[in-house]
Amino acid sequence: MHSNLSGVADRLSLSETIIMNGFGIALFVGLVIFLFLKNKKKHDLSQQNGNSATNSDTTMDASEEDLMRIINKTGRYFMTRKYDDAIKLINGNIERYEGEQKAQLLNQRGGLFSIKGNNELAYDDFKLAYELDPNVTNLNNFVEVLIKLKKFDEARPVAEQGLKNPNVRGAERKMLEDALNG
């Protein structure tokens, strides 16, 4: 019995270590899974619409694979605090993408600029990411940088729009409510 308790304690310590050290990695792995599931959803819709399943329907296109590689490498740079290398990687590839894919890279680069304390450049990236793909993450990042820059008049209408979205809950909702009252 004593050895079983010891094993549980060891697993808890390992779990705690994984949680503490693996948060950033988990974030980027989650993004990769999201991209995979999004591609699968496109494939499923194609099947429902009666389109035949060709090889291109069942595999990710080259630009999506490249995007995932860029995001993964950016994540590795982030985890090792090589923010400038991550920004250079994104800068060298961002013009190859449009729409949601470009918004993902802009969002990543904006986060890196924000970490480095350059909220003006973060503002530019988060604003464009939100314009290209007004999802909850892009909306929250844009409002957050507006608050950091004390651009409350610009933050209010964006926050109002975000609060209309039923998927905005918890801390995200609180931040948007605070932006309205700021």
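Note that the structure is predicted; figures quoted are calculated from it, not measured. (Residues numbered from 1 in each chain as written. Predicted model: local features only at pLDDT ≥ 70, side-chain atom pairs only at ≥ 80, totals over all residues. Heavy atoms only, no water.)

## Topic: unusual backbone geometry
Rules: Helix numbers and strand numbers start at the N terminus; a helix is a DSSP run of H or I with at least 4 residues, a strand a run of E with at least 2. Burial here depends on accessible area, computed with a 1.4 Å probe over protein chains only, as a share of the maximum for the residue type. Under 20% is buried, over 50% is exposed, and the range in between is partly exposed.
If you check the backbone angles, Arg81 has positive phi at about 60° while not being a glycine. With respect to the helices, strands and loops of the structure, Arg81 is situated in the loop between helix 3 (62–79) and helix 4 (83–91). What makes Arg81 exposed here is its relative accessible area of 64%. Phi angles above zero are rare outside glycine, and Lys150 is one such case at about 60°. Mapped onto the secondary structure, Lys150 falls in the loop between helix 7 (136–148) and helix 8 (152–163).

## Quick notes on the packing of aromatic side chains
Note the cut-off: Stacked, tilted and edge-to-face are the three classes assigned to paired rings of Phe, Tyr and Trp, where Trp is represented by its six-membered ring and a pair needs centres within 6.5 Å; plane angles under 30 degrees give stacked, over 60 edge-to-face, the rest tilted. By definition here, charges over rings are those cases where NZ of Lys or CZ of Arg is within 6 Å of the ring centre and within 35 degrees of the ring normal.
Under the definition given, this model contains 3 aromatic pairs. Measuring from ring centre to ring centre gives 5.9 Å for Phe78 and Tyr83, while their planes differ by 50°; the resulting arrangement is tilted. A residue is classified by how much of its surface remains accessible, and Phe78, at 26% relative accessible area, is partly exposed. What makes Tyr83 buried here is its relative accessible area of 17%. Between Tyr123 and Phe142, the ring centres sit 5.8 Å apart and the planes meet at 40°, which makes this aromatic pair tilted. Placement of Tyr123 in helix 6 (residues 119–132) and of Phe142 in helix 7 is noted, with a sequence separation of 19 residues between them. Classification of Phe142 by relative accessible area gives buried; the value is 3%. Through successive ring pairs, a cluster of aromatic residues spans Tyr123, Tyr130 and Phe142. Over the face of the ring belonging to Tyr123 we find Lys151, whose NZ or CZ atom lies 4.0 Å from the ring centre.

## Details of the confidence of the model for the chain
The predicted coordinates should not be examined in detail at positions where pLDDT is low. Put simply, the rule is: A score from 0 to 100, pLDDT tells how confident the predictor is in each residue. Throughout, a residue-residue contact means that at least one pair of heavy atoms, one from each residue, lies within 4.5 Å.
Averaged over all residues, the pLDDT of the chain equals 77, while 65% of them reach at least 70. Of all helices and strands in the chain, the one with the weakest mean pLDDT is helix 2 (residues 55–58) (36), whereas helix 6 scores best (98). Taken together, the stretch residues 1–29 has pLDDT below 50 and engages in 10 contacts with residues farther than four places along the chain or on a different chain.

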